[in-house]
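# Commentary on secondary and tertiary structure
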Amino acid sequence: MSSAWPHEKATTLDGQDYDDAEKGLYDNSRNLPILPPLAHVGRDRKTAIHIETVLSPTSPIHEGITPFSSVPVLALEWPTGWQSPSPAPEKEAREVKKPVRPKKKISRWILFQLWFNTYRKFFTFVTLLNLAGIIMASLGRFPYGEDHLGALVLGNLLCAVLMRNELFLRFLYIIAIYGLRSWAPISLKLAVTSVLQHVGGIHSGCALSGAGWLVFKIVDIIRHRAVQHGAVIVTGIITNVLVIISVLSAFPWVRNYHHNMFERHHRFIGWLGLATTWGFVILGNSYDIKLGEWRSDANSLLSAQELWFAVFMTIFILIPWVTLREVPVEVEIPSPKVAILRFDRGMQQGLLGRISRTSIMEYHAFGIISESRKSPYHYMICGVQGDFTKALVADPPKTVWTRELKFAGVGHASAMFKRGIRICTGTGIGAALSTCIQSPNWFLIWIGSDQERTFGPTITGLIHKHIEPERMILWDSKKRGGRPDTMKLLKETWTSFGAEVIFITSNMQGNDEMMQGCLEAGLHAFGTLWDF
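Residues numbered from 1 in each chain as written. Predicted model: local features only at pLDDT ≥ 70, side-chain atom pairs only at ≥ 80, totals over all residues. Heavy atoms only, no water.

For the protein chain, the name recorded in an unreviewed UniProt entry is Non-ribosomal peptide synthetase, with Lasiosphaeria hispida as its organism.

Take a look at the structure:
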């Protein structure tokens, strides 16, 4: 195990948080001239222009650098009117005014399309549909809703649970991949991939709608409290409060800025709400409001739709936790910015795993890198950002807790397409690399700062061992003097490689820039999704 170096603190640029492995990419690009568009890919190294720039000092973390002989060299040309800077004293070089590339204006229509994505479409449709049902039931024009309020509550909550269940989502991906990849037109594949990526919109919409129906049901019970048993009313109110707390704790600003609070309330209050739901269902279906007494037989309970919704909801909540294991892990620390975790057994491409130091708290998801299903190991790249990842570097664990049932990310859908491009920045290589290692039909573009020293020999070795030079571009922003023109890079690779789709893994700023550019250029792309 490598020794841990003192870690650096992540900074915030333009209100956007970056982990340390990506921070250098943006720090360097802010202080350096913007590079001109890419002129050619794969040209001989002798034709590359050397650019004198002022870079941050070399860190003492890992002096051995893997030779770049197998990596395509990107030759750059200066725009008309520019001159390559000649060597000058350091003081004069600092005083040279750096040219700034003007920010391209994006049309409002493109911004709206990216904002009103499939996630928000699902959320809007599900919420409005249920809202219409609640209004009709309150007006006495929805007989089923009036007679089966509990079923509508639990039906929505069951659907919400399914949309976040690892097993159910893996099942959907299997159907999509094996059912479509050999015959389906690209338009259908793109639509299905968008649905798979954005099922979280159904999760959010159904959870909120279930809470809405539950409020409606409790109001109805209180209105008829004269014929209801007190125990039914009390359990109903308690269930209502717990479910609402669980739903509110998952709102974006809570989840993004108070993750531990979100996890405690959404998980533990949600479990407590499930327990009281069982009590509410059993008591509510066992009490006969017409006779004002408890039923002695179980027929009415067993025939209730609410009971079976509760049964399946409980099963799907328990399934991932049944696979929970404490597993050994080896931690490599190639730099203070990154921890590389190695686990036993190989994995499919496009999967993500959740890990924690404890059995039930503070789980964090990371992309999985594996050479194949039969490989003896798989890896996770954890960029230093919050307290959890900083602790991985400062105090590397011997074991971690994880669910053996991994969940599928949108990258898992890459198996549907004939050829594609996987572009990533910084630690995004963790989610992207397996796809390009396990399939010869995917092209890797990795943009980062001081990649080989930051990520170490393990990740570099996997790349050079499994991906041919003509199938990858590794852009080191520190060595090359800044970020590339990513859209020019994508357009040229799209044409030369014959790609059908682009998958993007980046921070929010990089993701937005590339998604906007791809939509404007007519390139089919799927970016990083932040739940909201």
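## Things to note about the state of the cysteines
Stated precisely, the cut-off is as follows: Cysteine sulfurs are considered disulfide-paired once they come within 2.5 Å of each other. Here the term buried applies to any residue with accessible area under 20% of the maximum for its type, exposed to any over 50%, and partly exposed to those in between, with areas from a 1.4 Å probe on protein chains only.
Scanning the model with the defined rule gives zero disulfides in all. Distance from the sulfur of Cys159, which forms no disulfide, to the nearest cysteine sulfur (Cys206) is 3.6 Å. Looking at Cys159, the relative accessible area reads 25%, which means it is partly exposed.

## Re the sheet that holds strand β18 (residues 501-505)
Let me state the cut-off plainly: When DSSP locates at least two bridges between a pair of strands, those strands are taken to pair. Helix and strand assignments come from DSSP, with helices taken as H or I runs of at least 4 residues and strands as E runs of at least 2, each series counted from the N terminus. Here, residues are in contact when the closest pair of their heavy atoms is within 4.5 Å. Here an axis means a line fitted to C-alpha atoms, over the contact stretch when the element is a helix, while the angle between two N-to-C directions is reported on a 0 to 180 degree scale.
Pairing within the open sheet is parallel, and its five strands lie in the order β17-β16-β15-β18-β19. Looking at which strands have only one partner, the edges of the open sheet turn out to be β17 (472-476) and β19 (525-526). Relative to β19, β18 runs parallel, the two sharing two bridges. By the bridge assignment for β19, Ile502 is matched with Ala525. Seen against the sheet, helix α19 (residues 486-497) touches β15 (420-425), β16 (442-448), β17 and β18 and runs at an angle of roughly 165° to β16.

## Focus on the packing of helix α7 (residues 166-180) against helix α8 (residues 186-197)
Heads up, the rule is: Should an angle fall under 35 degrees it is taken as roughly parallel, and over 145 as roughly antiparallel, whereas 65 to 115 is taken as roughly perpendicular and any remaining angle as oblique.
Closest axis-to-axis distance for the α7/α8 pair is 11 Å, and the angle between their directions is 175°. The angle between α7 and α8 falls in the class roughly antiparallel. Residues Leu172, Tyr173, Ala176 and Leu180 of α7 lie in contact with α8, whose contacting residues are Leu188, Lys189, Val192, Leu196 and Gln197.

## What about the side chain of Thr314?
Test applied: Any N or O atom pair separated by 3.5 Å or less is treated as a polar contact, with the protein-specific requirement of one donor-capable and one acceptor-capable atom, and with residues adjacent in sequence counted only for side-chain atom pairs.
Secondary-structure assignment places Thr314 in helix α14 (residues 305-322). In this structure Thr314 comes out as buried when scored by relative accessible area, which is 16%. Polar contacts involving the side chain of Thr314 include one to the main-chain carbonyl oxygen of Ala310, which spans 2.7 Å.

## Concerning the nonpolar core
Across soluble globular proteins, nonpolar side chains have a tendency to be buried as a group. The line we're drawing: Among buried residues, those of type Ala, Val, Leu, Ile, Met, Phe, Trp, Tyr and Cys that are joined through side-chain atoms within 4.5 Å constitute a nonpolar core.
Residues Leu341, Leu433, Leu444 and Ile459 are the most contacted members of the largest nonpolar core, which totals 55 residues. Counting residues in hydrophobic clusters, the runner-up holds 38 residues, among them Ala137, Leu152, Trp213 and Leu274.

## A few points about a nonpolar patch on the surface
Spelled out, the test is: Only residues above 30% relative accessible area that lack a salt bridge enter a patch, with like-charged residues linked at up to 9 Å and the nonpolar side chains Val, Leu, Ile, Met, Phe, Trp and Tyr linked at up to 5 Å. All accessible areas in this document rest on Shrake-Rupley with a 1.4 Å probe, and a residue is counted as covered only by the protein chains that are shown. Counted as salt bridges are all cases of a side-chain nitrogen of Lys or Arg within 4 Å of a carboxyl oxygen of Asp or Glu.
Side chains of Leu208, Leu248, Phe251, Trp253 and Tyr257 sit close together on the surface and give an oily, nonpolar patch of about 570 Å² of accessible area. Overall, Phe251 belongs to the partly exposed group, its relative accessible area being 34%.

## A closer look at the UniProt feature "transmembrane region" (unreviewed entry) in the protein chain
Put simply, the rule is: UniProt positions are given in the numbering used here, feature names are shortened, and annotations may be inferred rather than shown by experiment.
Residues annotated by UniProt as "transmembrane region" (unreviewed entry) correspond here to residues 122-142, 148-164, 171-192, 198-219, 231-253, 268-287 and 307-324. Taken end to end, residues 122-142 is 81% helix and 0% strand, and its first and last C-alpha atoms sit 23 Å apart. From the first C-alpha to the last, residues 268-287 spans 29 Å; its make-up is 95% helix and 5% strand.

## Here we look at unusual backbone geometry
Of note, Glu362 is a non-glycine position whose phi angle comes to about 50°, a positive value. Tracing the sequence through the fold places Glu362 in the loop between β10 (351-356) and β11 (364-369). Residue class for Glu362 comes out partly exposed when judged on its relative accessible area of 26%.

## Quick word on the packing of helix α6 (residues 149-162) against helix α9 (residues 200-223)
We count it as follows: Helix crossings fall into two classes, left-handed where the near helix is turned counterclockwise from the far one by less than a right angle and right-handed where it is turned clockwise. Side-chain classes follow a simple rule in which Ala, Val, Leu, Ile, Met, Phe, Trp, Tyr, Cys and Pro form the nonpolar group, Asp, Glu, Lys and Arg form the charged group, and the remainder, Gly included, forms the polar group.
It is at 7 Å that the axes of α6 and α9 come closest, and there the two elements cross at 160°. Taken together, the axes of α6 and α9 lie roughly antiparallel to each other. Pair α6 / α9 crosses with left-handed handedness. Along its contact with α6, which presents Leu149, Gly150, Leu152, Val153, Asn156, Leu157, Cys159 and Ala160, the element α9 presents Ile202, His203, Cys206, Ala207, Ser209, Gly210, Trp213, Leu214, Phe216, Lys217 and Asp220. For the contact of α6 with α9, the class distribution of residues is twelve nonpolar, five polar and two charged.

## Structural notes on helix α16 (residues 429-438)
Among the ten residues that make up α16, eight are buried, leaving the element largely enclosed by the rest of the structure. Considered for burial, the residues of α16 that qualify are Ile429, Gly430, Ala432, Leu433, Ser434, Thr435, Cys436 and Ile437. The inward-facing, buried residues of α16 abut β11, β12 (377-383), β15, β16 and α17 (451-466).

## Quick look at the packing of aromatic side chains
Quick note on the threshold: What counts as a ring pair is set by centres within 6.5 Å for rings of Phe, Tyr and Trp (its six-membered ring), and what kind of pair is set by the plane angle: stacked under 30 degrees, edge-to-face over 60, tilted for all other angles. Only lysine NZ and arginine CZ atoms are considered, and such an atom sits over a ring when it is within 6 Å of the ring centre and within 35 degrees of the ring normal.
Summed over the entire model, instances satisfying the criterion amount to 16 aromatic pairs. Taken together, a centroid distance of 6.1 Å and an interplanar angle of 90° make the contact between Trp213 and Phe216 edge-to-face. With Trp213 and Phe216 both in helix α9 and three residues apart, the pair spans about one turn of that helix. According to the relative accessible area criterion, Trp213 is buried, its value standing at 1%. Ring geometry for Trp271 versus Trp321: centroids 5.4 Å apart, planes at 85°, classification edge-to-face. Here Trp271 is found in helix α12 (residues 259-286), whereas its partner Trp321 is found in helix α14, with 50 residues between them in sequence. Ring pairing ties together the aromatic residues Trp109, Phe112, Trp115 and Phe116, which thus form one cluster. Stacked on the ring of Trp475, the Lys or Arg Arg480 has its end atom at 5.2 Å from the ring centre.

## With respect to the pairing of strand β13 (residues 399-403)
Summarising the sheet, strand β7 (residues 324-328) and β13 pair through five bridges and their orientation is antiparallel. The residue of β13 that forms the bridge with Pro328 is Thr399. Judged from the two bridges that link them, β10 and β13 form a sheet pairing that is antiparallel. Residue pairing across strands places Ser356 opposite Trp401, the latter belonging to β13.

## Focus on the pattern of salt bridges
In a structure, side chains of opposite charge can pair up when their charged atoms sit close to one another. Taken as a whole and judged by the stated rule, the model has twelve salt bridges. Arg295 is the partner of Asp288 in a salt bridge, and the nearest nitrogen-oxygen pair spans 3.9 Å. The salt bridge partner of Glu330 is Arg342, with a shortest N-O separation of 3.1 Å. Note that Glu330 is positioned in strand β8 (residues 330-335) and Arg342 in strand β9 (residues 338-344), a separation of twelve residues in sequence.

## What about the environment of Ala160?
Here Ala160 is to be found in helix α6. With 50 residues separating them along the chain, Ala160 and Gly210 place their C-alpha atoms 8.7 Å apart. Once you skip the residues sitting within four places of it in the chain, Ala160 turns out to touch His203, Cys206 and Ala207.

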